[in-house]
Structures are given as structure tokens and as C-alpha cells.
Amino acid sequence: MTSTTNGRLIFNEIPADDGVPLNGGFILKTLALSLDPYLRNLMRRPSNPVTFEECSVFFQHRTEALSKIDNQCNLPWSVFVGVAGMPAQTAYFGWKEYSYSRAKKGEVAFVTSGAGAVGSYPRDSACQDGMEIIASAGSDEKVKFMMEIGADVAFNYETTKTSEVLAKEGPIYVYWDNVGGESLEAALDAAAEHARFIARCAVISGYNTNPCPVTGFTINEFVVTTLLPKYVDAFYKENTTRGL
């Protein structure tokens, strides 16, 4: 096995913030960072290592990539990398793109990973649209949380078969897919006529293995950046002014 030398950065002293010409720029201070599941996929390529540029895709070093957010409700800054940040943007954009969900009152929606930073948002949006909500997660604690925030049916997929829950509570009209794999297969079997499937490019059941391929149907698949220009202003208006 060949040896590898890790690069390192050594903190010698606090950088001086005076006397440095900014040339029209400004100095930034990082207040919060988020370790999101998608980073796991960026670490899957030993023959093609992840570059700094890939990890910084949402924050490039140019002024036109920056925007000012008015924190009117004095929310904790950590909120802006969670329920008022990119994970919730993913859910908000995907649900607001009406051609994807076409939500109708009284229909059933199934949201996988419904207690997470992404999954809890479409669950909430479906509830606001008058849909009945089935939500899954991987622990009893998360199941309790999902029931507290409004799910009609919540279950632990580790101890309960998804197919059995959907057979009893379905058919489902909207499926929000965070995980793929067995949950996706079960959702297909329980889908109503003209059901809508929304895949957010996050098949987390296959992050540590190879994703399970499914063929023969159409899914509206998206990445948060594809809908960013269309919905980002409305997202911040709604999510930073109501106190969450």
C-alpha cells in the first residue's frame, strides 16, 4: 500500500483586518457550516478526488454569487444552513414547481426521510396544501417528531415494511423521494393513477453502496441550483420573516 501525505493548514496568528487593501471587496467571517448528506457522494471517487471548487459550488469567490439576507426575526445563524438554507431550498423549490407535485386537497403524499432538513419541508408543504401525509424515517425518535409536526401516518422503515404501510394507507398520489431503493419500489407498487414522483437527486439508501436502478417510468428530477433563480427571492421572503 503506497503512503499518502496529507496537506495541512497551520494557524499561526489571528489575521490582521486593518491596512489590507480590499479593492472594492469585503472581509467575510464564517459563522456556521453544515455537513450535508450530498457530500458523501463527493467522496466516492478515489481516482478523481474532490476538489475545493466542487465543495464550494454554492459559494464561489466572486461578488455576483453573494446576496444579502435580512434577518428580521433574529434567527440563529445556524438556521441559514438548515431550514432557511440550501436543504430547505431544495424542498421549497421542488414543491413550488407546481408541474412536479400538482398537489390536491385530500390526496395522499408519501415523503421519505421526512424528519430531515429536506424531507420535513415538503411534508409541511403537502400538509398546507390539504394533503394527507405519510412520512418515513429511520428511528422511533424521528417518527415521534414527524407526528408532532403534522404527519398523518409516520413509521420507522427499519422496523416496519414500507410496502405494508403503503398498502394500508395508500394509494399515494405524490411521492417525494429522498432515499430511492426499497422505498421507491414500494411507492411504485402503491401509486395511484396519474401519481407524481419527485426525485431530488439524493438516493441516500445507495450512498454507501450502488443505487438500485429502476426503469420504465418518468420522474421529475432536479438539483436545487436548477430552480434557484426562479424561487430564491420568494424562499427568503417566506422563511426569514415568519420566525420559523
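Residues numbered from 1 in each chain as written. Predicted model: local features only at pLDDT ≥ 70, side-chain atom pairs only at ≥ 80, totals over all residues. Heavy atoms only, no water.

The name recorded for the protein in an unreviewed UniProt entry is Alcohol dehydrogenase-like C-terminal domain-containing protein, from Paxillus rubicundulus Ve08.2h10.

Our focus in this paragraph is the side chain of Asn156. In this fold, Asn156 is placed in strand β3 (residues 153-156). Residue class for Asn156 comes out buried when judged on its relative accessible area of 7%. A distance of 2.8 Å separates the side chain of Asn156 from the backbone nitrogen of Glu158, its partner in a polar contact. (Helix = DSSP H or I, 4+ residues; strand = E, 2+ residues; numbered from the N terminus. Buried < 20%, exposed > 50% of the residue type's maximum accessible area, 1.4 Å probe, protein only. Polar contact = N/O pair within 3.5 Å; in protein donor to acceptor, adjacent residues only side chain to side chain.)

Before going further, it helps to spend a moment on the pattern of salt bridges. For the structure shown, the criterion picks out 2 salt bridges. A salt bridge links Arg196 to Glu107, with the shortest nitrogen-to-oxygen separation between them at 2.7 Å. Of the two residues, Arg196 sits in strand β5 (residues 191-199) while Glu107 sits in the loop between α4 (98-101) and β1 (108-111), which places them 89 residues apart along the sequence. Residue classification places Arg196 among the buried residues on the basis of a relative accessible area of 5%. What makes Glu107 buried here is its relative accessible area of 11%. In this structure, Arg123 engages Asp124 in a salt bridge whose closest nitrogen and oxygen atoms are separated by 3.5 Å. (Salt bridge = Lys/Arg side-chain N within 4 Å of Asp/Glu carboxyl O.)

Turning our eyes to something else, we now look at the environment of Tyr173. Mapped onto the secondary structure, Tyr173 falls in strand β4 (residues 172-177). When its relative accessible area of 27% is taken as the criterion, Tyr173 is described as partly exposed. With 64 residues separating them along the chain, Tyr173 and Ala109 place their C-alpha atoms 5.9 Å apart. Residues contacting Tyr173, with those up to four places away along its chain left out, are Glu107, Val108, Ala192, Glu193, Ala195 and Arg196. (Contact = heavy atoms within 4.5 Å.)

With 72% of its residues at a pLDDT of at least 70, the protein reaches an overall mean of 78. Across residues 57-61, where pLDDT falls below 50, the model places 8 contacts with residues more than four positions away in sequence or in other chains. (pLDDT = per-residue confidence, 0-100.)

This paragraph deals with the environment of Val179. The residue Val179 is located in the loop between β4 and α8 (181-189) in this model. For Val179, a relative accessible area of 11% corresponds to the buried category. Put simply, Val179 and Val111 are 68 residues apart on the chain and 9.7 Å apart in space, counted from C-alpha to C-alpha.

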